[in-house]
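# Architecture at a glance
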Amino acid sequence: MKKRVVILGGGTGGAVVASRLSKILKDEIKNQKLELYLIDKNPLHEFRPSYLWVALGTREPDEISRPLSKLKEKGINVINSEVKEIIPEKNKVLFDGQELEYDYLVVSLGTVLKPEKISGIEKTFHAWEMKDALKLRETFSNFRGGKVVVGPAEPVYRCSPAPFELAFMIRYISEQRGFSEKTEITVIHPWSEPMQPFGPFMVNAFKMFLNQFNVKFVGDFWTEKIKDGKIQAKDGREIEYDLAIIIPPHQPAAPVFKNSKLRNDNADGYMLVDKKLLRHPEYKNIFGIGDIISRSLGIGMAGVFAHFQADYVASQIIDEIKGTSMGIMYNRTGICVMDVGYMGAGVFCDFSKVIDGTAPYPDCWMLGGMRAFRGLKVAFERMWFSQIFGK
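Residues numbered from 1 in each chain as written. Predicted model: local features only at pLDDT ≥ 70, side-chain atom pairs only at ≥ 80, totals over all residues. Heavy atoms only, no water.

### Examining the side chain of Ser-174
- Note that Ser-174 resides in helix H5 (residues 162-176).
- Excluding anything up to four places from it in sequence, Ser-174 contacts Phe-179, Ser-180 and Thr-183. (Helix = DSSP H or I, 4+ residues; strand = E, 2+ residues; numbered from the N terminus. Contact = heavy atoms within 4.5 Å.)

Below is the structure:
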């Protein structure tokens, strides 16, 4: 009997699931026993970790993106459309006046940015979407020193270390361009301490980095509005800036989860899943991966989480379709490689205890001070496109 798998979202998680299924189940696709569909409103798959490089001029958009349509070569039906509604009790997805039934549904729709929640944020910049990275790039290319403020408006956002990495990269470039002495860099954050949710080890490590790169940190700073060249916190504090890089608030992909039965009302409307199985507790043929389930798991947002979750979910679907039991275990670790110009650093954290609710923060380790890590980040970028889009 023919099966149909529908994947919503062509970012990290969705692309991995589609690629893995098409590879392992290629005979089923060839013999018309399986149909794979991937739906995304963006015609391009973009490698988000490289947005910072785009913003600082070391990458061009076409170098870190590929057309999702290339996945058609792997037998994947790609639909460029916005998902309007999921009807789990009928196993249907609605998009642009059409509907598609499924046997398995993988939801990897991620989050959307909501800059309108912060008054005056249009006077600032960020690099959390491609178009915004390009705007920051244009402005930063003409920057010749001054007060730089970097930070998120809210404590949960894509890639927890990224604001710090960006601040360190700006310090590096300001030295290369000869205006470091005229540049004051400050990271503002709702956290009390840098990398606070990651535990004492990471807090101390990032304090060391901040000191090494002469970057200030201002904690417990909840941005309320930006006005007259100042960032104003909810407690009344103000910070002046010449260049402000403020990451807008995030929310689950709209409009799908606005009134959905899949939403977790105890986690700001993000998707509800069983923490161990990544399936919806009621609709067992629906999986969630990536940013859209981050709040339900109690962890941050990062492509590496979506990647490992996608591997696990793909193996579960393969097992059920093929009638095997050789699926992989759910990898709950997070790996981050940072490029700060002078050198690179690698962070490894195990979030198993956080997800299980037995510990307040993950077990983390770090290697730093080696330029080789920058090369590792470049190599992974290249390997990524080869694995997902290569034959």
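From this point, the discussion proceeds with the structure in view.
### Notes on helix H4 (residues 130-140)
- Residues of H4 that are buried: Met-130, Asp-132, Ala-133, Leu-136, Arg-137 and Phe-140. For H4, the angular spread of buried residues about the axis comes to 160°, placing them on one side. Exposed side chains of H4 directed beyond 90 degrees from the buried face belong to Lys-131 and Glu-138.
- Of the surrounding elements, those touching the buried residues of H4 are strand E3 (44-46), helix H3 (51-55), H5 and strand E17 (243-247). (Buried < 20%, exposed > 50% of the residue type's maximum accessible area, 1.4 Å probe, protein only. Arc of directions from axis to C-beta.)

### Description of the nonpolar core
- In this structure, Leu-8, Leu-21, Leu-105, Val-107, Trp-128 and Phe-209 are the most contacted members of the largest nonpolar core, which totals 115 residues.
- Broken down by element, this core gets its largest block of residues, nine residues, from helix H8 (residues 303-322).
- Dropping the residues within four chain positions of it, Phe-209 is found in contact with Phe-168, Met-338, Met-343, Ala-345 and Met-366.
- Formed by 13 residues, the second largest nonpolar core is a distinct cluster that contains Val-149, Ala-153, Phe-221 and Ile-239. (Core = buried A, V, L, I, M, F, W, Y, C linked by side-chain atoms within 4.5 Å.)

### Some details on helix H6 (residues 200-212)
- The end-to-end C-alpha distance of H6 is 18 Å, a good match for the 18 Å that 13 residues give at a rise of 1.5 Å each.
- Taken together, the buried positions of H6 are Met-202, Val-203, Ala-205, Phe-206, Phe-209 and Leu-210. All buried residues of H6 fall inside an arc of 165° around its axis, so they share one side. (Expected span 1.5 Å × (residues − 1).)

### Let's talk about the packing of aromatic side chains
- Applying the stated criterion across every chain yields a total of 18 aromatic pairs.
- Each ring, one from Phe-140 and one from Phe-143, has its centre 5.8 Å from the other, and the planes form 20°; the classification is stacked. The same class applies to Phe-140 as to Phe-143, namely buried.
- Through successive ring pairs, a cluster of aromatic residues spans Phe-164, Phe-168, Phe-206, Phe-209, Phe-213 and Phe-217.
- One Lys or Arg, Arg-66, reaches over the ring of Phe-385 and ends 4.0 Å from the middle of that ring. (Phe/Tyr/Trp six-rings, centres within 6.5 Å; stacked < 30°, edge-to-face > 60°. Lys NZ or Arg CZ within 6 Å of the ring centre and 35° of its normal.)

Functional significance is not addressed by these values, which are geometric in nature.
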